[in-house]
Amino acid sequence: MPDTEQGEIRRRGRNETEEERADRMWQELIQEVRVAQMGVQILFGFLLTVVFTPKYDDLSHTDQMIYIVTVVLGACATGALIGPVSLHRLVSGRRVKPQAVRWASRLTLLGLVLLLATTCASLLLILRVASDDSFVPYLVAGVVLWYLLWWFGLPMWARHRYTTR
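Per chain, the residues get numbers from 1 upward, laid out in the order the sequence is written. Note on the predicted model: pLDDT of at least 70 is required for a residue's local features to be given, and 80 or more for side-chain atom pairs to be given and counted; whole-chain, interface and lining totals, by contrast, use all residues. Side-chain metrics rest on all non-hydrogen atoms present in the structure, leaving aside hydrogens and water.

K.L.:
Quick one: what's the story with helix H1 (residues 18-50), residue by residue and with numbers?
P.N.:
Numbering of helices and strands runs from the N terminus, with a helix taken as a DSSP run of H or I at least four residues long and a strand as a DSSP run of E at least two residues long. By this rule, a helix spans an expected 1.5 Å times one less than how many residues it contains. Taking 1.5 Å of rise per residue, the 33 residues of H1 would be expected to cover 48 Å, and the 47 Å separating its terminal C-alpha atoms lies within 8% of that figure. Restricting attention to buried positions, one finds in H1 the residues Ala22, Trp26, Leu29, Ile30, Val33, Ala36, Gln37, Val40, Leu43, Phe44, Leu47 and Val50. Of the surrounding elements, those touching the buried residues of H1 are helix H2 (54-58), helix H3 (61-91) and helix H4 (97-130). Burial classes: relative accessible area under 20% of the type maximum marks a residue as buried, over 50% as exposed, and values in between as partly exposed (1.4 Å probe, protein chains only). Here, two residues are considered to be in contact whenever any of their heavy atoms come within 4.5 Å of each other.

K.L.:
Please give an account of H3 that cites residues and values.
P.N.:
Taking 1.5 Å as the rise per residue, H3 with 31 residues should run 45 Å; its terminal C-alpha atoms sit 44 Å apart, in good agreement. Of all the bends in H3, the greatest reaches close to 35° and is centred on glycine 83; the proline proline 84 follows between one and four positions later. One or two steps after H3, the chain reaches glycine 93, where phi turns positive at roughly 80°. To obtain the bend at a residue, axes are fitted to the seven residues ending there and to the seven starting there, and the angle between these axes is taken.

K.L.:
So what's going on with the pattern of salt bridges? Residues and values would help.
P.N.:
Pairs may arise between side chains of opposite charge once their charged atoms sit close together. Any Lys or Arg side-chain nitrogen located within 4 Å of an Asp or Glu carboxyl oxygen qualifies as a salt bridge. Under the criterion given, the structure shown has four salt bridges. For the salt bridge of arginine 24 with glutamate 16, the shortest nitrogen-to-oxygen distance reads 2.7 Å. Judged by relative accessible area, arginine 24 falls into the partly exposed class, the value being 22%. Given the relative accessible area of 14%, glutamate 16 is considered buried. Across the pair arginine 128 and aspartate 63 runs a salt bridge, and its minimum N-O distance is 2.5 Å. One end of the pair, arginine 128, is in helix H4; the other, aspartate 63, is in helix H3, with 65 residues separating them in the sequence. Judged by relative accessible area, aspartate 63 falls into the buried class, the value being 7%. Among the charged side chains, a network of salt bridges with common partners joins Glu16, Arg24 and Glu28.

K.L.:
Which residues make up unusual backbone geometry, and what values do they have?
P.N.:
The residue arginine 95 is not glycine, and still its phi comes out positive at about 60°. Of note, arginine 95 is situated in the loop between H3 and H4. Taking relative accessible area as the criterion, arginine 95 reaches 81% and is therefore assigned exposed.

K.L.:
Before we move on, could you go through the packing of H1 against H3 and cite the residues and values that matter?
P.N.:
Contact geometry of H1 with H3 gives a least axis separation of 9 Å together with a crossing angle of 150°. Accordingly, the angle class assigned to the pair H1 and H3 is roughly antiparallel. Judged by the sense of rotation from one axis to the other, the crossing of H1 with H3 is left-handed. Here Trp26, Val33, Ala36, Gln37, Val40, Gln41, Phe44, Leu47, Leu48 and Val50 of H1 lie close against H3, whose contacting residues are Tyr67, Thr70, Val71, Gly74, Ala75, Ala77, Thr78, Leu81, Ile82, Pro84, Val85 and His88. Throughout, the ten residues Ala, Val, Leu, Ile, Met, Phe, Trp, Tyr, Cys and Pro are labelled nonpolar, Asp, Glu, Lys and Arg are labelled charged, and all others, Gly among them, are labelled polar. Residues that form the contact of H1 with H3 fall into these classes: 16 nonpolar, six polar and no charged. Only C-alpha atoms enter the line fits that serve as axes; for helices the fit covers just the stretch in contact. Angles between N-to-C directions range over 0 to 180 degrees. These descriptions rest on fixed angle ranges, namely under 35 degrees for roughly parallel, over 145 for roughly antiparallel, 65 to 115 for roughly perpendicular, and the rest for oblique. By convention the crossing between two helices is left-handed if the near helix lies anticlockwise of the far one by an angle smaller than a right angle, and right-handed if it lies clockwise.

Given below as C-alpha cells:
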C-alpha cells in the first residue's frame, strides 16, 4: 500500500504510484524475458533434434546421459521463462500486479540460471564429442565463469555499488 500523508499519496523515486511502478517494471521484465526466451527456445529446439540423428547412437553412455540432463534443463528453463506470461494471464485484473512482478522476476532469474546450466551442459556435450576431452572440463568451467561474471557478477556489483541505502 502506498504511504499516505493527510490523504495524499506520497510518491518516491520516479514519482510514480505503486501501481505505476508495477506497470513499468512489468513492461521492463517482459522485454528482458523476450530476449532470454529466444535464446532458450533456439537452444532447446536444437537439442530436441539431436536424438533423431544417426550420431546419437554412437555417443557413449556418459554423453547420452549428459544429453538427457541437458534436454531436461532446457525444458525447465523454457518453462521458467514462459512462466511469467502464464502468471500474468492468470492474475490479470486481480489487482495483484506488484506481487505478480515479484514472482515473475523470480521465475525469470530461475530461468536464467537454468539457461546457464543448459548452455554449459550443451557446450560440455558438444566439446566432448568434437575434441579430445582432456581439456574440455577446464574450457567449460571458463565459460561458466564468463557467464557468471557478466550475467550475475557485474549486475550484483552495480547493484551494490550504485544503490542508495
